[in-house]
Amino acid sequence: MATQTIQPVKGTRDFYPDLMAFRTWLYDKVRVVSRRFGYEEYEAPMLERLELYAAKSGEELVKEQSYVFADRGGDEITLRPELTPSLARMIAQRQGELVLPVRWFSFGPFWRYERPQRGRSREFFQWNIDLLGAETPAADGEIVSISAEFFRTLGLSSSEVAIHVNSRRLMERKLDEIGVDPARRVEFLHLIDRRDRLSPDKWREWARDLGLAQAQLDRLEALLADHDLWQESDELRQVFDTAQAFGVRDYLVYDAGIVRGLDYYTGVVFEGHDREDFFRALFGGGRYDNLVGDVGGDRLSGVGFAMGDVIVELLLERLGKLPDLRPTPSDVLVILFDEELYGPTVALASRLRAAGINAEQVLEAGRLGKQLRYADRKGIPYVAILGPDELAAGHIVLKNMSTGEQEAYTEKALIEHMQSREFVP
Ligand code: HAM
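Each chain has its residues counted from 1, running along the sequence as written. With pLDDT at 70 or above as the cut-off, local features in this predicted model cover only qualifying residues; side-chain atom pairs require 80 or more to be listed or tallied, and sums for whole chains, interfaces and linings still use all residues. To get the side-chain values, take all heavy atoms of the structure and skip hydrogens and water.

## Some words on the pairing of strand β3 (residues 67–70)
Line of reasoning, step 1. Two strands are said to pair when DSSP picks up at least two bridges between them. Under the scheme used here, helices are H or I runs from DSSP no shorter than 4 residues and strands are E runs no shorter than 2 residues, and both carry numbers assigned from the N terminus. Two elements, β3 and strand β4 (residues 76–79), share 4 bridges in a ladder whose sense is antiparallel. Bridging from a neighbouring strand, V68 pairs with T78 of β4.
Line of reasoning, step 2. With antiparallel pairing between neighbouring strands as the criterion, β3 and β4 make up a hairpin whose turn holds 5 residues, including G74 at a positive phi of roughly 95 degrees.

If you want it as structure tokens, here you go:
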């Protein structure tokens, strides 16, 4: 009996070449958009001390979702569940040397012990982009606008996705007006954050358990339904104006229900959502005034967001907008006409590579039809044939696999021809 395949860890993905091609494509888009706005790429360790998150990430992330283990020296280590605390640590360590404002981005893996569900897994990739050292709402506006520009780059219009914006500062003021004890704000922010995940009855019950009287609860519910509340906040008005200036105002909506689950946010907060509201948040972020200080630096405010790869792929799939990617990098398959021509065939393939053409060669001679079928199934756009007649005449036949056309070239002309074409990546 064959031994059973060992199962992969739940919530992880095997990146077979077709999935890997999507990840690389997404990473390319992330790099293009981030760099276009002047952001520098960085990376942090995958392993961090648990205490880094204990500072401000919030109980759920630290106590329920982190993969934690003791290393051999006895330190409590975690696989990073998010990047912002590492970013804050890196900034704090070099605070005197960095040119402000810092504009940095990153794309890498994260781990959270969550129940795997649509768009959420246990090992996932995030694009993080952050701007630190500028307190003006123009900075929040820039970050929000980059997220909209990214959607645009993926071909997602403002009728398909929206960025829901709010301000914790504004909500805290409003909670004060309702009479919530300032010492218990965090609990109320969690209550608001969880509203769309609970039934209305369960949610109200929780609110009452937190000590809200009926009149206060009514006021809170009215507040959360108020679409014009943002007019009361200078910073939100400026964020919307900035988005207008960036030409992405149509992507933004005001949503009093957005407060975010992580505890370090202090100002503007926002989340990306599909307009159908089919998925959970596509991305999330906001302003954090105290995180750099909390991990040992001087106070330095930042704003940024993170977007997961899983949810973006699902959304593009649902909207029929997944790119048509071929995993093979080969521009041309060099056919092996018969074994006697092995030497000249390898030499031809080598010269094509030296000219910058991705050339894959057939290993063993066989029927031409079989070799062509291989190229077709792999999606290799061209096939080069070097038979005895071609060799004698100093020619190579190039077959275009999508049109079926074939034409004889000298090697020099073939290389020029292929170099002049735009090959599908
Ligand atoms: P977050 O809301 O915890 O924020 O995560 C941001 C995004 O990461 C989510 O909207 C989702 O796209 C993706 N994500 C989160 N958990 C999972 C999961 N289990 N599986 C797949 N994707 C997931 C943060 O992480 C903040 N550190 C963002 C930030 C950066 N704030 C300021 N700068």
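## Quick word on the sheet that holds β4
Line of reasoning, step 1. Spatially, 3 strands are ordered β2-β4-β3 in an open sheet, and the strand pairing comes out antiparallel. Because the sheet does not close on itself, it has two edges, and the strands there are β2 (47–49) and β3. Each strand axis lies, on average, 35 degrees off the axis of its neighbour in the sheet, ignoring direction.
Line of reasoning, step 2. Bridging between β2 and β4 involves 3 bridges; their strand directions are antiparallel. Bridge pairing in β4 places L47 opposite L79. Here the axes come from fitting lines to C-alpha atoms, over the contacting stretch only for helices, and the angles between their N-to-C directions go from 0 to 180 degrees.

## A few points about the packing of aromatic side chains
Line of reasoning, step 1. Centres within 6.5 Å are what make two rings of Phe, Tyr or Trp a pair, Trp counting through its six-membered ring; a difference in plane orientation under 30 degrees is then read as stacked, over 60 as edge-to-face, and the rest as tilted. Tallied over the full model, the rule gives 18 aromatic pairs.
Line of reasoning, step 2. What links up through ring pairs into an aromatic cluster is the set W127, F150, F151, F270, F283 and F305.
Line of reasoning, step 3. For a ring to carry a charge above it, either NZ of a lysine or CZ of an arginine must fall within 6 Å of the ring centroid while also lying within 35 degrees of the normal to the ring plane. Between R31 and the ring centre of Y27, over which it is positioned, the NZ or CZ distance is 5.9 Å.
Line of reasoning, step 4. We note R318 situated over the ring of F278; from NZ or CZ to the ring centre the distance is 3.6 Å.

## A word on helix α12 (residues 309–318)
Line of reasoning, step 1. With 7 of 10 residues buried, α12 is to be regarded as a mostly interior element.
Line of reasoning, step 2. Three or more residues of α12 are buried, namely D309, V310, I311, V312, E313, L315 and L316.
Line of reasoning, step 3. Residues of α12 that are buried in the fold lie against α1 (17–36), β6 (123–132), β7 (161–167), β9 (268–274) and β11 (302–308).
Line of reasoning, step 4. Downstream of α12 by one or two residues, G320 has phi in the positive range, about 65 degrees. Accessibility here uses a 1.4 Å probe with only protein chains present; expressed as a share of the type maximum, an area under 20% marks a residue as buried, one over 50% as exposed, and anything in between as partly exposed. Working rule for contacts: check all heavy atoms of both residues, and any pair within 4.5 Å makes them a contact.

## Describing the packing of helix α6 (residues 168–178) against helix α9 (residues 214–224)
Line of reasoning, step 1. It is at 10 Å that the axes of α6 and α9 come closest, and there the two elements cross at 155 degrees. By the angle between their axes, α6 is roughly antiparallel relative to α9. Relative to α9, the crossing made by α6 is right-handed. In this structure, α6 contributes M171, K174, L175, E177 and I178 to the contact, and α9 contributes Q216, R219, L220, L223 and L224.
Line of reasoning, step 2. In the scheme used here, Gly and all other residues not listed as nonpolar or charged are polar, with Ala, Val, Leu, Ile, Met, Phe, Trp, Tyr, Cys and Pro taken as nonpolar and Asp, Glu, Lys and Arg as charged. When grouped by side-chain class, the residues that make up the contact of α6 with α9 number 6 nonpolar, 1 polar and 3 charged. An angle below 35 degrees is read as roughly parallel, one above 145 as roughly antiparallel, one from 65 to 115 as roughly perpendicular, and any other as oblique. Each crossing gets its hand from how the near helix is turned against the far one by less than a right angle, where anticlockwise is left-handed and clockwise is right-handed.

## Topic: the environment of Y27
Line of reasoning, step 1. With respect to the element layout, Y27 can be found in helix α1.
Line of reasoning, step 2. Along the primary structure Y27 and Q126 are separated by 99 residues, whereas in three dimensions their C-alpha atoms are 9.7 Å apart.
Line of reasoning, step 3. In this view, Y27 contacts E41 and F107; residues no more than four positions away in its chain are not counted.

## Remarks on the pattern of salt bridges
Line of reasoning, step 1. The salt bridge criterion pairs a side-chain nitrogen of Lys or Arg with a carboxyl oxygen of Asp or Glu, the two atoms within 4 Å. On inspection of all chains with the given rule, the structure shows 30 salt bridges.
Line of reasoning, step 2. Across the pair E59 and K63 runs a salt bridge, and its minimum N-O distance is 3.5 Å. Of the two residues, E59 and K63 both sit in helix α3 (residues 59–65), 4 residues apart, roughly one turn of that helix. The residues E59 and K63 share a single accessibility class, namely exposed.
Line of reasoning, step 3. Between R194 and E60 there is a salt bridge, and its shortest N-O distance comes to 3.0 Å. On the criterion of sequence distance, the pair formed by R194 in the loop between α7 (185–193) and α8 (200–209) and E60 in helix α3 is long-range, its members being 134 residues apart.

## Let's talk about the sheet that holds strand β15 (residues 396–400)
Line of reasoning, step 1. Pairing is mixed in the open sheet, where 5 strands are placed in the order β13-β12-β14-β15-β16. The outermost strands of the open sheet, each flanked by one partner alone, are β13 (359–361) and β16 (406–409). The sheet shows a mean angle of 25 degrees between the axes of neighbouring strands, direction not considered.
Line of reasoning, step 2. Here strand β12 (residues 332–334) runs beside β13; their pairing, made up of 3 bridges, is parallel. Looking at β13, one finds that L333 is bridged to E360.
Line of reasoning, step 3. Contacting β12, β14 (382–385), β15 and β16, helix α16 (residues 411–420) runs over the sheet at an angle of about 25 degrees to β15.

## A closer look at the site of the ligand
Line of reasoning, step 1. In this text, near means that some heavy atom of the residue lies within 4 Å of the molecule or strand in question. Taken together, 28 residues form the shell around the ligand, and within it E82, T84, E114, S121 and Y265 come nearest.
Line of reasoning, step 2. Residues adjacent in sequence count toward polar contacts only when both atoms are side-chain atoms; beyond that, a polar contact is any pair of N or O atoms within 3.5 Å, and within protein one must be able to donate a hydrogen and the other to accept it. Within the contact set of the ligand, a nitrogen atom lies 2.8 Å away from a side-chain nitrogen or oxygen of D130.
Line of reasoning, step 3. Within the contact set of the ligand, a nitrogen atom lies 2.7 Å away from a side-chain nitrogen or oxygen of Y265.
Line of reasoning, step 4. For the area figures, the Shrake-Rupley method with a 1.4 Å probe applies, and any residue is considered shielded solely by the protein chains shown. When the ligand sits alone it has 670 Å² of accessible area, and the protein chains cover 96% of it.
Line of reasoning, step 5. It is β11 that provides the largest number of residues to the shell around the ligand, a total of 5 residues.
Line of reasoning, step 6. Taken together, the residues of the shell around the ligand sort by class into 13 nonpolar, 9 polar and 6 charged.

## Regarding the nonpolar core
Line of reasoning, step 1. In this structure, W127, F151, I163, M171, L220, Y254 and F270 are the most contacted members of the largest nonpolar core, which totals 66 residues.
Line of reasoning, step 2. The leading source of residues in this core is helix α5 (residues 137–153), at 7 residues.
Line of reasoning, step 3. Filtering out sequence-adjacent residues up to four positions away, I163 remains in contact with V144, S147, A148, F151, Y251, L252, V253, F270, E271, G272 and F283.
Line of reasoning, step 4. Side-chain atoms within 4.5 Å are what join buried Ala, Val, Leu, Ile, Met, Phe, Trp, Tyr and Cys residues into a set we call a nonpolar core. By size, the runner-up hydrophobic cluster in this structure holds 24 residues, among which are L83, W104, Y264 and L300.

## Description of the pairing of strand β10 (residues 283–288)
Line of reasoning, step 1. Of all 6 residues making up β10, 6 are buried, and the element is well covered by its neighbours.
Line of reasoning, step 2. Looking at chain direction, β9 and β10 are connected through 4 bridges and run antiparallel. Paired with E271 across the strands is G284, a residue of β10.
Line of reasoning, step 3. Bridge analysis of β10 against β11 gives 6 bridges, and the strand direction is antiparallel. Paired with Y288 across the bridge in β11 is G302.

That is the geometry; function is a separate question.
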